[in-house]
Amino acid sequence: MNLSSTLWRLIIILLSFPIERGPLLPAGCQRFNASGYLTVKPAPLFLIGSNLTVYCRIPTCRRSFTISLQLNSETVASRKKVNCTTMMFSLFNVQEPNSILRCKLMNDQQSTVVAGLDLHGGLPPDKPENVLCEMSRSSDFITCSWERGQETHLHTTYNISLSRENGTQMLLDQIQDAAEITISRAKLDENNTHQLNIAAYNHFGSSRSDPFSLCVKDIVIPETPRIMQIEFGHNSKAALLQWKTSGSSESLRSDVRLRTDNGSWEVGEGTEPTEGLIQVDGLRPLTDYEFKMRTCSSPGSNSSKRSFCSKWSTSVGGKSPGKGPSQQMHVWRMLGGLGAGGLRVVTVLWKPPSPDDYSGAVQNYKIFLGNDRKQEVTCPAASSRYSLQVPAELRALSISAVTSYGTSPPADVPLGRSGDFGPILRELAPAANGSSVLVSWSWPGSRHPSTSGEEPLHYVLEWTSVPVAELQWQKVAKDQNSTFIRGLSAGVRYNVSLYAVTTRGVSAPSSALVYSKEQKPASGPSMSVLVHESGRIRIQWDELPVVKQKGFITNYTIYLQTLDSSNTKLSVTVPGSSPRPLWLDCPEGALALQLTASTSAGEGQRGKRICSQPERPAVGLLIVAAFIVTLFIAIIANLMCWRCARQRIKQKCVSWGPAWLHENLPKLGNSNAIRLLEYGSEPSFSSTHSDPPLSPISVISQEERDDVYPTVHVDVSHGGSGPTAETPLLTSDSGTVLGDSLLEHVSYKPQIATSAQLGEEWKETEDEQRDVPSYGEEDKCVSGGLLGAFLPSAEVDFSDPPLGLTLSSVGGLLWPKTPETTSFLNGGFLLGRRGTENEVEADSPPLDLQQGEIMTADTEDTLSQRTVEATLTDGYFPQAAAVSSTTLWDAQRQQGR
């Protein structure tokens with residue numbers, strides 16, 4: 001005894017050891033005690049659909065247990081207690097042909113099967129129908145078959161009897177559960193007619209077929225064909241079967257059956273291109289098939305008028321090859337602008353071929369340029385678009401898909417524009433699912449392309465999300481006027497455009513915006529307060545970004561809340577197209593504002609809360625501004641009236657400006673040369689110079705020059721008691737006064753004005769100064785102000801030789817910064833200037849004036865002594881100017897008083 005046998009014995013003992021009055025049982029097993037029995041009426045073999053009565057009996061009465069019945073593991077509810085040992089159960093309309101009955105004793109702790117029984121149901125046999133007897137011309141047996149009818153679920157026996165027309169029985173045979181019998185051809189007389197009868201019977205009944213007339217010459221069928229070869233060729237959708245038969249194949253037609261993966265046989269769509277060949281269409285690529293066939297002849301002369309067909313041939317299998325794409329791809333394009341060299345960027349778009357249209361995998365795509373397709377561009381299999389530069393005049397572009405089993409037909413890419421308007425989008429209706437939109441369109445009026453000689457090819461519908469994302473599109477057949485756009489996202493705005501592609505080109509697009517499903521705005525607009533007045537407020541807000549609108553904005557709602565103790569809340573709703581900025585009536589005081597946007601889906605979130613205070617009237621600021629303006633005007637007015645201020649401003653402007661701006665130019669009216677020209681007293685001799693000579697030029701000695709140009713010393717001083725002026729005349733060397741008559745013979749000085757003219761100017765100056773009030777402070781400003789530097793005591797010295805005048809000395813008269821002495825005449829004056837420039841002394845020759853009086857009036861304590869020397873050379877100096885000083889004129893006027 002080995003160890004394994006010992007272990008098995010122990011396991012059996014443990015399983016047999018009684019626990020709670022029974023052995024251990026595996027899970028799912030029931031305890032069986034065949035102490036009772038079952039009785040079925042009418043019988044355990046019953047007719048399907050009948051009612052049964054079942055009795056369950058146990059040998060002894062056990063009151064703590066209950067008798068139950070199970071039919072196919074389901075407890076039967078209809079029961080009746082006969083006594084403590086018998087229980088009756090009723091089964092109604094039993095349809096199951098095979099069932100199991102179990103009788104059980106049950107209490108709360110256990111369940112014991114006390115009896116069991118199998119039920120068998122069946123049906124009587126149907127009448128055999130469609131009896132058929134066939135045989136081939138070379139066969140030695142006749143095969144007769146029939147249709148049995150419905151399944152009886154019981155063994156059914158068929159009795160076959162064959163007799164002659166006179167009733168003599170020739171054959172009697174019996175088969176069970178069959179629908180076909182074979183009869184030897186030798187037992188029949190081929191020239192006579194026989195009668196065949198088939199009878200069927202089982203436990204529940206019997207049936208008999210109609211008599212079948214059997215004549216050998218009427219039951220001959222064609223020979224069974226044989227499939228010799230299967231060819232698929234380059235087309236995976238069809239198979240060509242080559243078959244052969246031992247008999248004649250004339251006037252025979254063929255039938256084909258096929259199946260895949262051991263499925264059911266199906267009738268194939270076969271055509272016979274030639275004798276001995278049959279083509280089966282409708283196949284799938286790369287699929288294993290089994291084929292079988294038969295041949296049929298024309299109807300015979302029997303009463304059935306049926307055609308006779310051969311037996312089905314032996315099945316032959318084969319695998320269909322892969323196929324290449326047979327349909328053109330859907331293509332579209334995006335046109336770019338013209339680039340360098342007249343090239344245009346074209347982006348070609350395409351849809352991959354349908355998987356049902358080809359087998360295998362796409363290897364690549366090829367783009368052909370031009371009608372000749374000599375130039376081509378290869379694109380990867382994973383791509384669906386490609387950009388390339390083509391000449392602007394190119395009008396032909398096509399694309400094909402290359403697979404492992406073939407290439408699709410080229411699809412033309414439309415490049416040209418027709419120049420016409422296309423159909424108009426009529427409706428963009430979002431679907432209920434929120435991810436698709438129904439797009440419909442129509443041609444306006446009489447603009448259908450068929451009316452203008454164009455042939456419509458198809459429509460192209462393209463859409464893209466806003467902001468712009470990748471373009472999506474689809475091709476629509478020319479006979480459609482609506483389609484669905486699927487795969488859209490809710491809350492995203494889409495721009496939809498429709499094009500019509502005709503034989504002339506692509507029409508102009510018709511575009512519209514749409515949401516597949518509107519949602520509430522994701523946020524509120526940004527708002528700002530422009531003006532906040534008492535009782536009203538002016539606000540401005542920005543448009544929400546498109547990605548946050550989630551729909552078409554229908555209206556805006558402004559929420560206002562006071563910040564005082566009343567805490568008043570108001571809301572104002574305005575249309576989405578309302579103008580902005582916007583005035584609103586509002587409560588008094590500080591406000592808090594918020595803004596929301598609404599779509600057809602509802603109101604969105606509130607925007608950022610802002611607070612605003614009403615503007616206070618700027619009374620204090622206006623008062624300050626008015627005071628400043630008034631003060632400024634008063635200062636300007638006073639400055640205009642104060643002579644001192646005017647003179648200071650004028651001198652400042654003169655000192656800051658360039659020299660030519662304030663240079664005193666000579667007055668042409670004082671020129672004697674011009675007077676002589678006006679009165680016609682020009683000398684008889686001519687000259688080619690611009691200024692004609694007016695008098696002869698003579699050279700004199702130094703002594704004669706001293707007589708003609710004496711040096712005059714003038715001391716001007718004023719006492720403390722009052723202004724006094726000493727007015728000496730020009731004298732000669734002997735001390736005699738040089739009057740006007742003598743000065744006329746000194747030399748020609750055309751730029752020296754006459755005393756009458758200077759008197760007139762002086763008078764005009766006095767009249768102008770009388771208009772301005774004279775104050776003590778003004779007189780002090782005049783004597784000690786900016787002009788004080790111009791008015792020192794003047795000393796004129798005529799004794800300095802030599803006499804000479806230069807343009808620089810004349811121009812120097814306009815600068816008062818150098819020490820100078822000025823001698824004024826009544827109506828005329830003699831000026832001399834001595835100055836230093838860059839520490840170099842320069843003498844200015846004196847000007848000998850025509851008048852004989854010198855007028856000076858300066859106070860002694862305000863004017864300093866200065867000396868001006870002026871020399872004048874012989875000759876003609878047309879650019880010498882008369883110099884006057886308003887300040888000295890005022891001094892002379894005071895002296896005259």
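Before any of the text, the structure's been laid out above.
Quick notes on the rules
Residues numbered from 1 in each chain as written. Predicted model: local features only at pLDDT ≥ 70, side-chain atom pairs only at ≥ 80, totals over all residues. Heavy atoms only, no water. Helix = DSSP H or I, 4+ residues; strand = E, 2+ residues; numbered from the N terminus. Buried < 20%, exposed > 50% of the residue type's maximum accessible area, 1.4 Å probe, protein only. Contact = heavy atoms within 4.5 Å. Pairing = 2+ DSSP bridges. Salt bridge = Lys/Arg side-chain N within 4 Å of Asp/Glu carboxyl O. Phe/Tyr/Trp six-rings, centres within 6.5 Å; stacked < 30°, edge-to-face > 60°. Lys NZ or Arg CZ within 6 Å of the ring centre and 35° of its normal. Axes fitted to C-alpha atoms, helices over the stretch in contact; angles between N-to-C directions. Disulfide = S-S within 2.5 Å.

What follows concerns the overall build of the chain. Scanning the chain for helices and strands turns up 11 helices and 57 strands. Looking at the chain as a whole, 40% of its 897 residues qualify as buried. Here the analysis covers contacts within the chain between residues at least 6 apart in sequence; of these, 66% occur between residues at least 24 apart.

Right, let's talk about the pairing of strand 8 (residues 86-91) for a bit. Looking along a regular strand, one sees side chains alternate from face to face of the sheet. In terms of burial, strand 8 is largely enclosed, as five of its six residues are buried. Of the strand pairs in this sheet, strand 4 (residues 52-57) and strand 8 are connected by six bridges, and their pairing is antiparallel. Among the inter-strand pairings, Tyr55 is bridged to a residue of strand 8, identified as Met88. Pairing of strand 7 (residues 79-83) with strand 8, which is carried by four bridges, proceeds in the antiparallel orientation. Bridge pairing in strand 8 places Arg79 opposite Phe89.

Before going further, it helps to examine the pattern of salt bridges. Per the counting criterion, the structure on display carries 11 salt bridges. Note that Arg148 and Asp177 form a salt bridge whose closest N and O atoms lie 4.0 Å from each other. You can see Arg148 sitting in the loop between strand 12 (141-147) and strand 13 (157-164) and its partner Asp177 sitting in the loop between strand 14 (169-176) and strand 15 (180-184), a full 29 residues away along the chain. Its relative accessible area of 26% is what places Arg148 among the partly exposed residues.

Attention shifts here to the pairing of strand 31 (residues 375-380). Bridge count for strand 30 (residues 362-369) against strand 31 is six bridges, and the pairing is antiparallel. Considered in strand 31, the bridge of Ile367 is made with Val377. Joining the antiparallel neighbours strand 30 and strand 31 is a turn of five residues, in which Gly370 adopts a positive phi near 85°.

The subject of this paragraph is the packing of aromatic side chains. Enumeration according to the criterion identifies seven aromatic pairs in this entry. With centroids separated by 5.2 Å and ring planes inclined at 50°, the aromatic side chains of Trp350 and Tyr365 adopt a geometry described as tilted. Placement of the pair is Trp350 in strand 29 (residues 343-350) and Tyr365 in strand 30, with a sequence separation of 15 residues. Each member of the pair, Trp350 as well as Tyr365, is classed as buried. When the ring centre of Phe65 is taken as reference, the NZ or CZ atom of Arg62 above it lies at 4.5 Å. We note Arg536 situated over the ring of Trp583; from NZ or CZ to the ring centre the distance is 3.8 Å.

Across the sheet, which stays open at both edges, the three strands sit in the order 37-38-41 with antiparallel pairing between neighbours. Strands at the two margins of the open sheet, each flanked by one partner only, are strand 37 (424-430) and strand 41 (482-485). If you compare each strand with its neighbour and ignore which way they point, the axes differ by 25° on average. In terms of strand pairing, strand 38 (residues 437-442) meets strand 41 through four bridges, oriented antiparallel. Looking at the pairing, Leu438 lines up with Phe484 of strand 41.

Applying the stated criterion across every chain, the model contains three disulfides. In this model Cys56 forms its disulfide with Cys103; the gap between the sulfur atoms is 1.4 Å. Measuring handedness by torsion sign, the sulfur bridge of Cys56 and Cys103 sits at about -85° and is left-handed. Highlighted residues: Cys56 in strand 4 and Cys103 in strand 9 (residues 98-106), separated in sequence by 47 residues. Assessed through its relative accessible area of 0%, Cys56 is described here as buried. Here Cys103 falls in the buried class, since its relative accessible area comes to 0%. For Cys133, the disulfide goes to Cys144, at an S-S distance of 2.0 Å. Residues Cys133 and Cys144 are joined by a disulfide whose S-S torsion is about 115°; by sign, that bridge is right-handed.

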